[in-house]
Amino acid sequence: QVQLVESGGGLVQAGGSLRLSCAASGSTFKFNVVGWFRQAPGKEREFVSAIGWSSGRTYYADSVKGRFTISRDNAKNTVSLQMNSLKPEDTAVYYCAAGETVTITLSKAYEYPYWGQGTQVTVSS
């Protein structure tokens, strides 16, 4: 059984930084991709970033490229998302997600069967 637990959300002013962490437990050896998604009130869940669990290859949405950095620590089964130069439009609940057979459509939420409970990020202007 897989569990994903996010932490690190909070309230920050525009231009500030936050670091989100996702702690995974269970059959993590089956993962091939771990990603971050976010959902703002009244909006659909959207892809933020992803990382190959073995390869370490990284992927970013255009809206966060150059500001966010994803990384992983396989020994600790954690994935982090460093968020810099935050903007009010980054305000959302951020979710960690993991998949075992994620393909080139890694920006699609349906590729990920495992999800965390989410952590709130609020950026004030």
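Residues numbered from 1 in each chain as written. Predicted model: local features only at pLDDT ≥ 70, side-chain atom pairs only at ≥ 80, totals over all residues. Heavy atoms only, no water.

Caption draft 1: Region of the structure containing the overall build of the chain. When its secondary structure is counted, the chain shows 0 helices and 11 strands. When the helices and strands of the chain are read in sequence order from the N terminus, they spell out β-β-β-β-β-β-β-β-β-β-β. Taking the principal axes of the C-alpha coordinates as reference, the chain spans close to 40 × 25 × 25 Å. For the chain, buried positions account for 42% of its 125 residues. Within the chain, contacts between residues at least 6 apart in sequence are counted, and of these 57% link residues at least 24 apart. Within the structure as shown, the chain displays about 6,400 Å² of accessible surface, and the carbon and sulfur contribution to it stands at 48%. For the chain, the centre of its 12 positive side-chain charges and the centre of its 9 negative side-chain charges are spaced 4 Å apart. (Helix = DSSP H or I, 4+ residues; strand = E, 2+ residues; numbered from the N terminus. Buried < 20%, exposed > 50% of the residue type's maximum accessible area, 1.4 Å probe, protein only. Contact = heavy atoms within 4.5 Å. Areas by Shrake-Rupley, 256 points an atom, 1.4 Å probe, with all protein chains shown as cover. Lys, Arg positive; Asp, Glu negative; His and termini not counted. Charge placed at Lys NZ, Arg CZ, Asp CG, Glu CD.)

Caption draft 2: Here's a closer look at the sheet that holds strand β8 (residues 78–83). Spatial ordering of the open sheet is given by β1-β3-β8-β7, a layout of 4 strands whose pairing is antiparallel. On the outer flanks of this sheet lie β1 (3–7) and β7 (68–73), each paired with one strand and no other. Across the sheet, the mean angle from the axis of one strand to that of its neighbour is 15 degrees, orientation sign disregarded. Where β1 lies against strand β3 (residues 18–25), 5 bridges are found, and the strand directions are antiparallel. (Pairing = 2+ DSSP bridges. Axes fitted to C-alpha atoms, helices over the stretch in contact; angles between N-to-C directions.)

Caption draft 3: Focus on the state of the cysteines. One pass over the structure, following the stated rule, counts 1 disulfide. Paired through a disulfide, C22 and C96 show a sulfur-sulfur distance of 2.0 Å. Sign of the S-S torsion, about -75 degrees for the bond between C22 and C96, identifies this disulfide as left-handed. Here the residue C22 occupies a position in strand β3, and C96 occupies one in strand β9 (residues 92–99), the gap between them amounting to 74 residues. (Disulfide = S-S within 2.5 Å.)

Caption draft 4: Fine view of the nonpolar core. Among the nonpolar cores identified, the biggest contains 36 residues, and W36, L81, M83 and Y94 are the most heavily contacted of them. Those elements that provide at least two residues to this core are β3, β4 (33–39), β5 (46–52), β7, β8, β9 and β11 (119–124). Per-element tally for this core: the top contributor is β9, with 5 residues. Those residues within four positions of M83 in sequence are excluded, and the remaining contacts are G16, S17, L18, L20, R67, F68, Y94 and V121. (Core = buried A, V, L, I, M, F, W, Y, C linked by side-chain atoms within 4.5 Å.)

Caption draft 5: Region of interest: the pattern of salt bridges. Enumeration over the complete set of coordinates arrives at 4 salt bridges. Put simply, R38 and E46 hold a salt bridge, and the shortest N to O gap is 2.6 Å. Residue classification places E46 among the partly exposed positions, given a relative accessible area of 35%. Salt-bridge contacts for K65 lead to D62; the nearest nitrogen and oxygen are separated by 3.2 Å. Through salt bridges with shared partners, a single network forms among R38, E46, R67 and D90. (Salt bridge = Lys/Arg side-chain N within 4 Å of Asp/Glu carboxyl O.)

Caption draft 6: Inspection of the side chain of S80 at higher detail. Examined against the element boundaries, S80 turns out to sit in strand β8. Of the residues examined, S80 reaches a relative accessible area of 9% and is grouped as buried. With residues up to four places along the chain from it excluded, the contact list for S80 reads R19, L20, S21, W36, T69, I70 and S71.

Caption draft 7: Local environment of the environment of Q120. For Q120, the position within the fold is in strand β11. A relative accessible area of 40% places Q120 in the partly exposed class. Between the alpha carbons of Q120 and S25 there is a distance of 21 Å; along the sequence they are 95 residues apart. Of the polar contacts made by the side chain of Q120, one reaches the side chain of T122; its length is 3.3 Å. (Polar contact = N/O pair within 3.5 Å; in protein donor to acceptor, adjacent residues only side chain to side chain.)

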